[in-house]
Structure formats: C-alpha cells, structure tokens
Amino acid sequence: MQAFEAADVPALVRLLADDAVLEMPPVPLWYRGSRDYGRFLERVFQMRGTDWAMRELTANRQPALAAYAPEPGGGRRLHTVQVFTVTDGRVAHNVVFADPRVFDAFELPGEIPDNEFRRER
C-alpha cells in the first residue's frame, strides 16, 4: 500500500515475482513479467497522478486492495479493486477490476474527500 501511495514503481516491482501476471477483465489487457508490469504502472502514474489512496481488503481469502485515484478538484475516486495471488512472499498474479458491480460487492465508498484522507507513514 505504501509503495503504491508513494508511486514508487521500483518498490512495487520488487514485490513482484519475475513472471508476475497482471490482468484487467473484461478489458483485453494482460501483462506478464515484472518489467512490463512496472512499465504499465509508470504509465498509470503519469496519466492518473501520484497521490493515490489505498484500502486493504480480502477477496475469497486472498489479499486485495481498493485503489482510489486522485481527482483534479481534490479528493480521490474509487478506481479499481485489485486481488492478489501471493507465492513465496511475492505477488504472482494481480487481477484488477474496474467494474462498479465489483465495487458494490465490497460496499466501498465511491470517493474519499481530502479531509478524510490520511496517509499513515
């Protein structure tokens, strides 16, 4: 969570298995390998900004995160739910959901106002 909120791509890549897979159903987006995954994250931060907020979740007993992207006028909007498969202490697979029906299943707030956002360091 800290590495994502800090937009620290090298730290995020260190968390990945060498052959990690990123997919975003139903979008035909699929990456394999920590290098390409890292390049994708660099692009996300360039496009969406670097002041993200994360909320810890579980999904089917797997670790997961809700990712809130910064909004131009302030605050953060729910962007994705990310579900991880962790093998030998590293992320081997990340399935990223952007479908609002998935958000509803977790009863997540759609936005986090600036006054509620506190980054714990």
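To be clear, the structure that these remarks concern was listed above.
So, how was this worked out
- Residues numbered from 1 in each chain as written.
- Predicted model: local features only at pLDDT ≥ 70, side-chain atom pairs only at ≥ 80, totals over all residues.
- Heavy atoms only, no water.
- Helix = DSSP H or I, 4+ residues; strand = E, 2+ residues; numbered from the N terminus.
- Expected span 1.5 Å × (residues − 1).
- Buried < 20%, exposed > 50% of the residue type's maximum accessible area, 1.4 Å probe, protein only.
- Arc of directions from axis to C-beta.
- Core = buried A, V, L, I, M, F, W, Y, C linked by side-chain atoms within 4.5 Å.
- Contact = heavy atoms within 4.5 Å.
- Phe/Tyr/Trp six-rings, centres within 6.5 Å; stacked < 30°, edge-to-face > 60°.
- Lys NZ or Arg CZ within 6 Å of the ring centre and 35° of its normal.

K.L.:
I'm lost on helix α3 (residues 34-48) in this one. Help?
P.N.:
The α-helix advances 3.6 residues per turn, and as a result positions three or four apart in sequence lie on the same side. In this model, α3 (15 residues) spans 21 Å end to end at C-alpha, consistent with the 21 Å of a helix rising 1.5 Å per residue. All of the buried residues along α3 are S34, Y37, G38, F40, L41, V44 and F45. Here the buried residues of α3 occupy an arc of 160° about the axis, which is enough to place them on one side. For α3, exposure combined with an orientation more than 90 degrees from the buried face picks out R35, Q46 and M47. Looking one or two places after α3, you find G49, whose phi comes out positive at around 95°.

K.L.:
Would you take a moment to explain the nonpolar core for this structure?
P.N.:
With 24 residues, the main nonpolar core has F4, L12, Y37, F40, L41, F45 and W52 as its most contacted residues. Mapped by element, the contributors of at least two residues to this core are α1 (2-5), α2 (9-14), β1 (16-24), α3, β4 (62-70) and β6 (90-97). The element best represented in this core is α3, accounting for five residues. When near neighbours in sequence (up to four residues on either side) are disregarded, Y37 contacts L16, A20, V21, L22 and N94.

K.L.:
Whenever I open this one, the packing of aromatic side chains confuses me. Can you help?
P.N.:
Aromatic ring pairs are described here by two measures, namely the spacing of the ring centres and the angle between the planes. The full count for this structure, using the stated rule, is four aromatic pairs. On the basis of an interplanar angle of 65° and a centroid distance of 5.1 Å, the ring pair of F4 and F45 is categorised as edge-to-face. Of this pair, F4 sits in helix α1 while F45 is found in helix α3, placing the two residues 41 residues apart along the sequence. The class of F4 is buried, set by a relative accessible area of 7%. Owing to a relative accessible area of 6%, F45 belongs among the buried residues under this scheme. Taking the centre distance of 5.1 Å and the plane angle of 35° together, the rings of Y31 and F40 count as tilted. Since its relative accessible area comes to 13%, F40 is described here as buried. One aromatic cluster is present, formed by F4, F45 and W52 through successive ring pairs. Its guanidinium or amino end placed over the ring of Y68, R55 lies 5.9 Å from that ring's centre, counting from NZ or CZ.

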